Amino acid sequence: MFGHIIGSMAASRKLAAAGGGGWDLSTTSYDSVSFDTEGSASNNTGLFFKSDGTRMWTTYNDYIYQYTLSTPWDLSTASYDSVSIESGQSARQIFFKSDGSKMYTCSMSTIYQYTLSTPWDLSTASYDSVSFSLSSQTTRSYGLSFKSDGSKMYAISDTGKTVYQYTLSTPWDVSTASYDSVSAYIGASAVGYVAGLFIKSDGSKMYVTTYMDSVVYQYTLSTPWDLSTASYDSVSFNVETEITTGNIFNLFFKTDGTKMYIKGDDYVYQCSLA
């Protein structure tokens, strides 16, 4: 059933966090709130929210699904819009331009670009016949992120445990993307295959998930948006211990960093920071 809300799946445990705040994984606790996406499709991997928290999208192979949250950022109020599109591109993750007029899908080795004639309305999406191949760096990417002005793009390699950085000479136009020969190897800190990728809107923090051991890891970029300056904060959140024993894939944060959402096999889970 769409929007089936489940209660606590494991004891919620707050992590020690003296002086913590938004964006600090050490302050994370599970809200005992989740949203069942199995009614639209099981084993979804993609996750994205509208900037005001009123809409959510997930992906499953060739399909993208749209949901509405009647109370922004509260998963307990989510419902399926009966809106979906079939991309035919095995989308593993999605990303929207900051004004909702463009959408990008990541399908393992290729990034595809769409235009939404009505911003944030998936039913108005059309393929731009524009794409960019990641195959020179990876053929297995589940995670995708862009710089807030659209001039940089980031993709993650699951088996290579590496995040790659690209420049778009024309912002938000992936046909103008080129590899910066800049990457961040996260395998030394992240155990298991990596999947999800999220970069804070000012480019100073990066978060990745691993779907084998179900952990979220936190990194700092000393120069915002420059992956060559990324370092592990020695801070992580074990989703398997706190919430679920299933796989996890992508993740998303509320704009102020006080909420985190994690895409599991069939559910989206909601957590609070601080």
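All residue numbers refer to positions counted from 1 along the written sequence of the respective chain. A pLDDT threshold of at least 70 governs which residues receive local features in this predicted model, and a stricter bar of 80 or more applies before side-chain atom pairs are shown or counted, although totals over entire chains, interfaces and linings include all residues. Each side-chain value is worked out from all heavy atoms of the structure, with water and hydrogens disregarded.

Engineer: Whenever I open this one, the layout of surface pockets confuses me. Can you help?
Structural biologist: Two kinds of site are reported from a 1 Å grid over the protein atoms alone, namely cavities, where a 1.4 Å probe fits but cannot get out, and pockets, open sets with protein on both sides within 12 Å along at least five of seven lines, and residues are called lining when an atom falls within 4 Å of a point. Grid points are joined across faces, edges and corners, and a volume is the space filled by probe spheres set on the points. Empty space within the largest pocket amounts to approximately 390 Å³. Three categories are distinguished: nonpolar for Ala, Val, Leu, Ile, Met, Phe, Trp, Tyr, Cys and Pro, charged for Asp, Glu, Lys and Arg, and polar for the others, with Gly belonging to the last. Here the lining of the largest pocket is composed, by residue class, of 13 nonpolar, six polar and four charged.

Engineer: In this structure, what is going on with the environment of glycine 150? I would like to understand it.
Structural biologist: Working definition: helices are DSSP H or I runs of at least four residues, strands are E runs of at least two. Numbering for both runs from the N terminus. Summarising the element assignment, glycine 150 is placed in the loop between strand S11 (143-146) and strand S12 (152-157). According to the relative accessible area criterion, glycine 150 is buried, its value standing at 0%. Note: C-alpha distance between glycine 150 and threonine 167 (17 residues apart in sequence) is 8.9 Å. Leaving out residues up to four positions away in the same chain, glycine 150 has contacts with Leu168, Pro171 and Trp172. Only protein chains enter the calculation, and the probe is 1.4 Å; a residue is then buried if its accessible area is under 20% of its type maximum, exposed if over 50%, and partly exposed in between. Note on contacts: a residue pair is in contact if any heavy atoms of the two residues lie within 4.5 Å.

Engineer: How do you make sense of empty space enclosed by the protein when you look at a structure like this?
Structural biologist: Take a probe with the size of a water molecule and roll it over the atoms, and the empty space left behind shows itself. One pass over the full model with this rule turns up one cavity of 30 Å³ or more. The calculated volume of the largest cavity comes to roughly 40 Å³. Phe48, Gln93, Ile94, Phe95, Leu144, Ser145, Leu197, Phe198, Leu251 and Phe252 together form the lining of the largest cavity. Sorting the residues of the lining of the largest cavity by element identifies strand S7 (93-96), S11, strand S15 (194-199) and strand S19 (248-253) as the ones contributing at least two each. Residue contributions to the lining of the largest cavity peak at three residues, all from S7. Within the lining of the largest cavity, the residues separate by chemical class into eight nonpolar, two polar and no charged.

Engineer: Any chance you could explain the side chain of glutamine 113 here in plain terms?
Structural biologist: Relative to the elements of secondary structure, glutamine 113 occurs in strand S9 (residues 110-116). Not counting chain neighbours up to four residues away, the residues in contact with glutamine 113 comprise Lys102, Met103, Tyr104, Tyr127, Asp128, Val130, Trp172, Asp173 and Val174.

Engineer: Please clarify how the pairing of S9 should be interpreted in this entry.
Structural biologist: The side chains of a regular strand alternate, residue by residue, between the two faces of the sheet. The buried fraction of S9 is high, at six of seven residues. Following strand S8 (residues 102-106), the chain reverses through three residues before pairing antiparallel with S9; methionine 108 in that reversal takes a positive phi of roughly 70 degrees. Strands were regarded as paired on the criterion that DSSP finds at least two bridges between them.

Engineer: Please explain the sheet that holds strand S6 (residues 78-86) as it appears in this structure.
Structural biologist: Two modes of strand pairing occur in sheets, parallel and antiparallel, and in both the strands are linked by backbone hydrogen bonds. Across the sheet, which stays open at both edges, the four strands sit in the order S3-S4-S5-S6 with antiparallel pairing between neighbours. Edge positions in the sheet fall to strand S3 (46-49) and S6, since each of these pairs with one other strand and no more. In this sheet, adjacent strand axes meet at a mean angle of 20 degrees when their direction is disregarded. When strand S5 (residues 63-69) meets S6, the two strands line up antiparallel, connected through seven bridges. Bridge pairing in S6 places tyrosine 67 opposite tyrosine 80. In this analysis, axes come from line fits to C-alpha atoms, helices being fitted only over the stretch in contact, and the angle between any two N-to-C directions falls in the range 0 to 180 degrees.

Engineer: Sorry if this is basic, but what is going on with unusual backbone geometry here?
Structural biologist: Glycine aside, negative phi is the norm for most residues, and most peptide bonds take the trans geometry. Within the chain, serine 32 stands out as a residue other than glycine whose phi angle is a positive 55 degrees. Relative to the assigned elements, serine 32 resides in strand S2 (residues 28-36). On the accessibility criterion, serine 32 (28% relative accessible area) is partly exposed. We note that serine 181 has phi near 55 degrees; this positive angle belongs to a residue other than glycine.

Engineer: I'm lost on the sheet that holds strand S10 (residues 125-133) in this one. Help?
Structural biologist: Pairing is antiparallel in the open sheet, where four strands are placed in the order S7-S8-S9-S10. Looking at the sheet topology across the chains shown, the edges are occupied by S7 and S10. For this sheet, the mean angle separating the axes of adjacent strands, direction not counted, is 25 degrees. Bridge count for S8 against S9 is five bridges, and the pairing is antiparallel. Looking at S9, one finds that lysine 102 is bridged to threonine 115.

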